[in-house]
Amino acid sequence: MSLQLIALLTNIALAILKFSVGLVAGSRALLADAFNSAGDVVATLVAWVAFRIGRAPADEDHHYGHDNAEALAGLLVGGMLCATGAFICIEGVLAWFEAPRQKPPELLALWAALITAVVKEVLYRASIRVGRATHSPTLMASARDHRADVLTSLVAAAGVVLARYGYPAFDDAAGGVIGVYIFFLG
C-alpha cells in the first residue's frame, strides 16, 4: 500500500473522528480541525493521483514527461488550504461574536485532538522521508501539511483545555486561529 493511500485512509478516519467527537463534545475548535482533515482527504487524493501521473515516462503527447502534474497538484492543494482556512477563520470569528458559551467542551475533545497530533506527526515523518528519497514535491507538500495538522490539533487541544479551565470562548477562538494558520500555510 502506498504512503499516499495510507495518508488518505488516515485522513478519512481522523475527519470522521473529529467531526463525531467535535459534535458530541461541543468543541468548535475540534470541528474546525475536522474541516481541515476533510480538506486533507481531498488534497491527499489529488497528491496521490498527481504522484502517479508525474512518474509516467515521456510519451508522444508529453515529450518532457508528466512532471508538471505534481506542480499543478501543488497549486490545487495550496488553493484548497487557502479556501479551507478562510472558511474556518470566518466560522471562528462568527462563533466568537455569538452569545457567550455557558459550557466548555467535553474532555473527549482533548483526547481526540491529542491522538490526531500523534498520528499526523507519524505521517509527517514518513512523508518527509519518502519525499526526500524520491525528490517528490507533492510528497514534500503533503509532509508539510501533515506537520501543519500537528500544530492545528495542538491549538485545538489548547482551546479545549483553556475552555475547561473557565474560559469557554477560547474553544471558539482556537477555531479561528486554526483557520488563519491554514490560510497562511496555503
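Residues numbered from 1 in each chain as written. Predicted model: local features only at pLDDT ≥ 70, side-chain atom pairs only at ≥ 80, totals over all residues. Heavy atoms only, no water.

Take helix α5 (residues 137-164) next. Helix length check: α5 (28 residues) gives 41 Å between terminal C-alpha atoms against 40 Å at 1.5 Å per residue, within 8%. Positive phi appears at Gly166, one or two residues downstream of α5, with a value of about 105 degrees. (Helix = DSSP H or I, 4+ residues; strand = E, 2+ residues; numbered from the N terminus. Expected span 1.5 Å × (residues − 1).)

This part is about the layout of surface pockets. A volume near 200 Å³ is recorded for the largest pocket. What lines the largest pocket is a set of 13 residues, and nearest its centre among them are Arg28, Leu31, Ala32, Glu91 and Gly92. Sort the elements by how many residues they give to the lining of the largest pocket and helix α3 (residues 68-97) lands first, with six residues. Each residue belonging to the lining of the largest pocket can be placed in one class, and the counts come to seven nonpolar, two polar and four charged. (1 Å grid on protein atoms, 1.4 Å probe; cavity = no way out; pocket = protein on both sides within 12 Å on 5 of 7 lines; lining within 4 Å. Points joined across faces, edges and corners; volume = space filled by probe spheres on them. Nonpolar A, V, L, I, M, F, W, Y, C, P; charged D, E, K, R; others polar.)

The next thing to look at is the nonpolar core. In this structure, Val21, Leu30 and Ala109 are the most contacted members of the largest nonpolar core, which totals 19 residues. Of all elements in the fold, only α1 (3-25), α2 (28-54), α3, α4 (107-134), α5 and α6 (169-185) reach the threshold of two or more residues within this core. Those residues within four positions of Ala109 in sequence are excluded, and the remaining contacts are Val21, Ala25, Ser27, Leu30 and Val160. (Core = buried A, V, L, I, M, F, W, Y, C linked by side-chain atoms within 4.5 Å. Buried < 20%, exposed > 50% of the residue type's maximum accessible area, 1.4 Å probe, protein only. Contact = heavy atoms within 4.5 Å.)

Further remarks concern the packing of α3 against α6. The contact between α3 and α6 brings their axes to 7 Å, and the two run at 160 degrees. Taken together, the axis directions place α3 and α6 in an arrangement best described as roughly antiparallel. α3 and α6 meet at a crossing whose hand is left-handed. When α3 is examined against α6, the residues Leu81, Cys82, Thr84, Gly85, Ala86, Ile88, Cys89, Gly92, Ala95 and Trp96 are found in contact with a partner set consisting of Ala169, Asp172, Ala173, Gly175, Gly176, Ile178, Gly179, Val180, Ile182, Phe183 and Leu185. Here the residues of the contact of α3 with α6 are counted per class, giving 14 nonpolar, six polar and one charged. (Axes fitted to C-alpha atoms, helices over the stretch in contact; angles between N-to-C directions. Parallel < 35°, antiparallel > 145°, perpendicular 65-115°, else oblique. Left-handed = near helix turned anticlockwise from the far one by under 90°.)

Our next topic: the confidence of the model for the protein. Residues at a pLDDT of 70 or more form 92% of the protein, whose mean pLDDT is 84. Looking across the protein, the model is least confident in α3, with a mean pLDDT of 79, and most confident in α4, with 95. (pLDDT = per-residue confidence, 0-100.)

Here the focus is the packing of α4 against α5. Relative to each other, α4 and α5 sit at 165 degrees, their axes nearing to 7 Å. Here α4 is positioned roughly antiparallel relative to α5, judged by the angle of their axes. Viewed along their axes, α4 and α5 form a crossing whose handedness is left-handed. Split by residue class, the contact of α4 with α5 holds 19 nonpolar, six polar and six charged.

Right, let's get into the packing of aromatic side chains. Two descriptors summarise a pair of aromatic rings, namely the distance from one centre to the other and the angle between the planes of the rings. Throughout the structure, instances matching the rule amount to three aromatic pairs. Residues Phe19 and Phe35 carry aromatic rings whose centres are separated by 5.0 Å and whose planes lie at 85 degrees to one another, so their mutual orientation is edge-to-face. Of this pair, Phe19 sits in helix α1 while Phe35 is found in helix α2, placing the two residues 16 residues apart along the sequence. On the basis of relative accessible area, Phe35 is assigned to the partly exposed category, the value being 35%. Taken together, a centroid distance of 5.0 Å and an interplanar angle of 70 degrees make the contact between Phe35 and Phe87 edge-to-face. Taken as a pair, Phe35 in helix α2 and Phe87 in helix α3 lie far apart in primary sequence, 52 residues in all. (Phe/Tyr/Trp six-rings, centres within 6.5 Å; stacked < 30°, edge-to-face > 60°.)

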